Every structure is written in C-alpha cells, then in structure tokens.
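# Reading the structure
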Amino acid sequence: MILVTHDPSRQNCQGSDSASLIASVRCAIASEVPFDVTNLSYRVLGDSIVIEGNAVQRSDAELIHRIAEDIAGLDCLIMRVGGINH
C-alpha cells in the first residue's frame, strides 16, 4: 500500500492530490481499525478532508482521528464521527 501524506507546500487539496490523500486515509483507517468503518464518508472541503459517520464508542472515533491526522495533518482534517467534533 502506498500512502500519500500531507505536503504543506501544496496550496490546497485539489484534483488528484485530494483523491490520493482521501484514498490513503480511507485505506489506512480500513486496515488499522478492528471494527467496521463502511459507514464513514470522506470528502474534500476547501483544503481539508472531512470524515463523517458513526462510531460505536468514543475510543473508536479517537482511533479514526489519530490515524487520519497522521496522514492528512492536523490542519487538513475535519472529523464528524459519532457526534464528536475534533
């Protein structure tokens, strides 16, 4: 698996850069978490990636957030999972 990490030199997440970044975040979350994440949705909003959906437990949402943040970066991530806004 090839993961594309956030590159601060990019002005914003557009085109193939955003598609690659979303694919990397989606694959990393799917492969790292021990629970079903098919109910999550991923999209681009400006220069941020938005992840929305439901998690059974708060710890599940926190794990998803940590994985996505490691790839996308803190400033390029908006989490709306399980009613928890990060």
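Residues numbered from 1 in each chain as written. Predicted model: local features only at pLDDT ≥ 70, side-chain atom pairs only at ≥ 80, totals over all residues. Heavy atoms only, no water.

### Observations concerning the overall build of the protein
Short version of the rule: Put simply, DSSP H or I for four residues or longer makes a helix, DSSP E for two residues or longer makes a strand, and each gets a number counted from the N terminus. Only protein chains enter the calculation, and the probe is 1.4 Å; a residue is then buried if its accessible area is under 20% of its type maximum, exposed if over 50%, and partly exposed in between. Any pair of residues with heavy atoms lying within 4.5 Å of one another is described as a contacting pair. The protein chains shown are the only cover counted for residues, whose accessible areas, like all others here, come from Shrake-Rupley with a 1.4 Å probe.
Secondary structure summary: the protein contains two helices and four strands in total. Traced from its N-terminal end to its C-terminal end, the protein shows the element sequence α-β-β-α-β-β. Taking all 86 residues of the protein together, 37% fall into the buried category. Taking contacts inside the protein between residues at least 6 apart in sequence as the whole, the part at least 24 apart equals 58%. Of the accessible surface of the protein, which amounts to about 5000 Å², a share of 49% is contributed by carbon and sulfur atoms.

### Structural notes on the pattern of salt bridges
Operational definition: What counts as a salt bridge is simple: a side-chain nitrogen of Lys or Arg found within 4 Å of a carboxyl oxygen of Asp or Glu.
Inspection of every chain in the model, using the stated rule, returns three salt bridges. The shortest N-O distance in the salt bridge between Arg 80 and Glu 52 comes to 3.4 Å. Of this pair, Arg 80 sits in strand β3 (residues 77–81) while Glu 52 is found in strand β2 (residues 48–53), placing the two residues 28 residues apart along the sequence. Here Glu 62 ties to Arg 58 by a salt bridge, and the two come within 2.9 Å at their closest N and O atoms. Of this pair, Glu 62 and Arg 58 both sit in helix α2 (residues 58–72), separated by four residues, roughly a single helical turn. Taking relative accessible area as the criterion, Glu 62 reaches 28% and is therefore assigned partly exposed. Each of the salt bridges in this network shares a partner with another, and the network as a whole consists of Arg 43, Glu 52 and Arg 80.

### Some thoughts on the confidence of the model for the protein
Test applied: Each residue carries a pLDDT score, the predictor's confidence in it, ranging from 0 to 100.
Residues of the protein with pLDDT of at least 70 account for 77%, and the chain-wide mean is 81. The least confident element of the protein is strand β4 (residues 84–85), whose mean pLDDT is 48; the most confident is β2, at 93.

### Topic: α2
The following threshold applies: A helix's residues, less one, multiplied by 1.5 Å, set its expected span.
Compared with an ideal rise of 1.5 Å per residue, which puts 15 residues at 21 Å, α2 spans 21 Å between its outermost C-alpha atoms and is within 8% of the ideal. Burial in α2 covers these residues: Asp 60, Ala 61, Ile 64, His 65, Ile 67, Ala 68, Ile 71 and Ala 72. The positive-phi residue at the C-terminal boundary of α2 is Gly 73, with phi of around 95°.

### Details of the pairing of strand β1 (residues 41–45)
To keep it simple, the criterion reads: Paired strands, as defined in this entry, are two strands with at least two bridges between them according to DSSP.
Pairing analysis gives five bridges linking β1 to β2, with the strands arranged antiparallel. The residue bridging Ser 41 from the neighbouring strand is Glu 52, located in β2. Where β1 folds back onto β2 in an antiparallel hairpin, the turn is made up of two residues, including Gly 46, whose phi is positive at roughly 65°.

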